[in-house]
Amino acid sequence: MICRRAQTAQHRQSSLTVCLAAALLLLSTAALPQAAPATRQAPAAAKKGAPPKATHLLHLTAVRLDGSGWTDERVLEVVRGAGRVLARCGVKLERMELVILAVPPSYLDLATPVAREVARDYRVARPAVYFVRDTRSSPAFEAESFGRGNTKSRPELADTVWITVTARDPHIVLAHELAHVLMDSGGHSDEPGNLMRDQTSPKNTALNPAQCARLRDTATGNGLLKKAK
Ligand SMILES: [Zn+2]
């Protein structure tokens with residue numbers, strides 16, 4: 001399913017030369033059979049914990065930096081894991097476009113100036129998640145997100161998440177950071193088990209009704225989600 005065909009592209013007015021390959025993955029059962037049987041729940045449990053009917057659709061761009069340590073398969077696994085968490089808010093991850101960027105080694109780690117250049121020179125649809133090697137930011141977060149509110153002076157980073165290959169429980173981390181972007185809020189929760197607790201953990205996956213409402217409404221208003229028909 002994953003296109004490996006690469007074509008060299010010199011982006012116009014770009015100081016950064018990138019090679020790219022892109023593949024569109026339709027995350028429906030017809031296009032891509034459900035994976036991860038090892039973690040599949042028993043039918044009764046699956047029914048009990050089934051997510052609500054999808055009211056909103058998410059089309060995500062995943063940008064994998066070649067040489068970051070991320071593989072296409074791992075990216076897909078992590079994105080789908082995050083999608084299962086967001087499904088609790090009635091959000092269906094319907095489509096993921098995978099873009100593979102070959103960049104110079106100095107671009108593989110997250111640092112704001114470098115991130116701005118990558119985001120600006122090869123523009124992709126938002127929301128977008130960049131899968132990078134490491135971070136040069138201090139403090140060194142294993143992932144960072146940029147909403148609208150914290151990108152006034154760096155608009156090219158708006159509606160993006162950046163996640164390092166060393167992130168623990170990366171699907172939870174990605175769901176947490178995507179929720180920040182979709183809600184356009186850097187706020188955290190003290191609720192036990194909440195996805196938006198400061199510390200991410202596989203035990204923290206819940207989103208309360210108010211969080212879900214804000215996530216759906218804000219993201220729809222910002223053009224990051226579509227209403228399901
Ligand atoms: Zn956070």
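Scroll up to find the structure.
Residues numbered from 1 in each chain as written. Predicted model: local features only at pLDDT ≥ 70, side-chain atom pairs only at ≥ 80, totals over all residues. Heavy atoms only, no water.

Peer 1: Teacher, can you tell me more about the state of the cysteines here?
Peer 2: Joining two cysteines, a disulfide is a covalent bond between their sulfur atoms. Summed over all chains, the structure comprises one disulfide. One disulfide in the model links Cys-89 with Cys-212; its S-S distance is 2.0 Å. The sign of the -70 degrees torsion about the S-S bond sets the Cys-89-Cys-212 disulfide as left-handed. Remark: Cys-212 occurs in helix α5 (residues 209-221) and Cys-89 occurs in the loop between α2 (72-86) and β4 (91-102); sequence separation between them is 123 residues. Residue Cys-212 is classed as buried on the basis of its relative accessible area, which comes to 6%. (Disulfide = S-S within 2.5 Å. Helix = DSSP H or I, 4+ residues; strand = E, 2+ residues; numbered from the N terminus. Buried < 20%, exposed > 50% of the residue type's maximum accessible area, 1.4 Å probe, protein only.)

Peer 1: Which parts of the structure should I look at to understand the coordination of the zinc ion?
Peer 2: Ideal coordination angles are 109.5 degrees for a metal with four donors arranged tetrahedrally and 90 or 180 degrees for a metal with six donors arranged octahedrally. Summarising the metal site, the zinc ion is bound by the protein donors His-176 (NE2), His-180 (NE2) and His-188 (NE2), whose distances to it range over 2.0 to 2.1 Å. Positions of the donor residues of the zinc ion, expressed as sequence spacing, correspond to H-x3-H-x7-H. Of this pair, His-176 sits in helix α4 (residues 170-183) while His-188 is found in the loop between α4 and α5, placing the two residues 12 residues apart along the sequence. Judged by relative accessible area, which is 3%, His-176 ranks as buried. (Donors = N, O, S within 2.8 Å, 3.2 Å for Na, K, Ca; no water.)

Peer 1: Sorry, what's going on with the nonpolar core here?
Peer 2: Most often, soluble globular proteins have nonpolar side chains that are buried together. Among the nonpolar cores identified, the biggest contains 40 residues, and Phe-131, Ile-163 and Leu-174 are the most heavily contacted of them. Of all the secondary structure elements, the ones that give two or more residues to this core are β3 (56-66), α2, β4, β6 (128-132), β9 (160-164), α4 and α5. Contact partners of Phe-131, with chain neighbours within four places excluded, come to Ala-62, Val-63, Arg-64, Leu-65, Ser-68, Trp-70, Val-75, Val-78, Val-79, Ile-163 and Leu-174. (Core = buried A, V, L, I, M, F, W, Y, C linked by side-chain atoms within 4.5 Å. Contact = heavy atoms within 4.5 Å.)

Peer 1: Looking at this structure, how should I read the packing of α4 against α5?
Peer 2: Axis angle and axis distance: for two packed helices, these are the angle between their axes and the distance between the axes, and together they describe the pair. Two numbers describe how α4 lies on α5: the axes approach to 7 Å, and their chain directions differ by 60 degrees. For the element pair α4 / α5, the angle class is oblique. Each of Ala-179, Leu-182 and Met-183 in α4 lies in contact with α5, whose residues at this interface are Gln-211, Arg-214, Leu-215, Thr-218 and Ala-219. Classifying every residue of the contact of α4 with α5 gives five nonpolar, two polar and one charged. (Axes fitted to C-alpha atoms, helices over the stretch in contact; angles between N-to-C directions. Parallel < 35°, antiparallel > 145°, perpendicular 65-115°, else oblique. Nonpolar A, V, L, I, M, F, W, Y, C, P; charged D, E, K, R; others polar.)

Peer 1: Any chance you could explain the packing of α2 against α4 here in plain terms?
Peer 2: Interaxial distance between α2 and α4 falls to 8 Å at its minimum, and their mutual angle equals 60 degrees. Classified by the angle their axes make, α2 and α4 are oblique. Crossing of α2 against α4: the hand is right-handed. Along its contact with α2, which presents Arg-74, Val-78, Val-79, Gly-81, Ala-82, Val-85 and Leu-86, the element α4 presents Pro-170, His-171, Ile-172, Leu-174, Ala-175, Leu-178 and Leu-182. For the contact of α2 with α4, the class distribution of residues is 11 nonpolar, two polar and one charged. (Left-handed = near helix turned anticlockwise from the far one by under 90°.)

Peer 1: Would you take a moment to explain the pairing of β9 for this structure?
Peer 2: In the case of a regular strand, side chains alternate between the two sheet surfaces. Counted residue by residue, β9 has five buried out of five residues, so it is predominantly covered. On β9, burial covers both faces: Thr-160, Trp-162 and Thr-164 on one face and Val-161 and Ile-163 on the other are all buried. As judged from the five bridges shared by β6 and β9, these two strands associate in the parallel manner. Within β9, the position partnered with Tyr-130 by the bridge is Trp-162. (Pairing = 2+ DSSP bridges.)

Peer 1: Any chance you could explain the side chain of Thr-160 here in plain terms?
Peer 2: For Thr-160, the position within the fold is in strand β9. In contact with Thr-160, not counting residues within four places along its chain, are Arg-126, Ala-128, Tyr-130, Glu-144, Ser-145, Phe-146 and Val-181.

Peer 1: How should I be thinking about unusual backbone geometry in this particular structure?
Peer 2: Trans is the common state for peptide bonds, and a negative phi is the common state for residues other than glycine. Arg-126 connects to Pro-127 through a cis peptide bond whose omega is 0 degrees. Backbone geometry at Asp-159 places phi at a positive 65 degrees, although glycine is not the residue there. By secondary structure assignment, the location of Asp-159 is in the loop between β8 (143-146) and β9. Overall, Asp-159 belongs to the buried group, its relative accessible area being 5%. One non-glycine residue, Asp-184, adopts positive backbone phi at about 50 degrees. Summarising the element assignment, Asp-184 is placed in the loop between α4 and α5.

Such coordinate-based values are descriptive only and should not be taken to indicate function.
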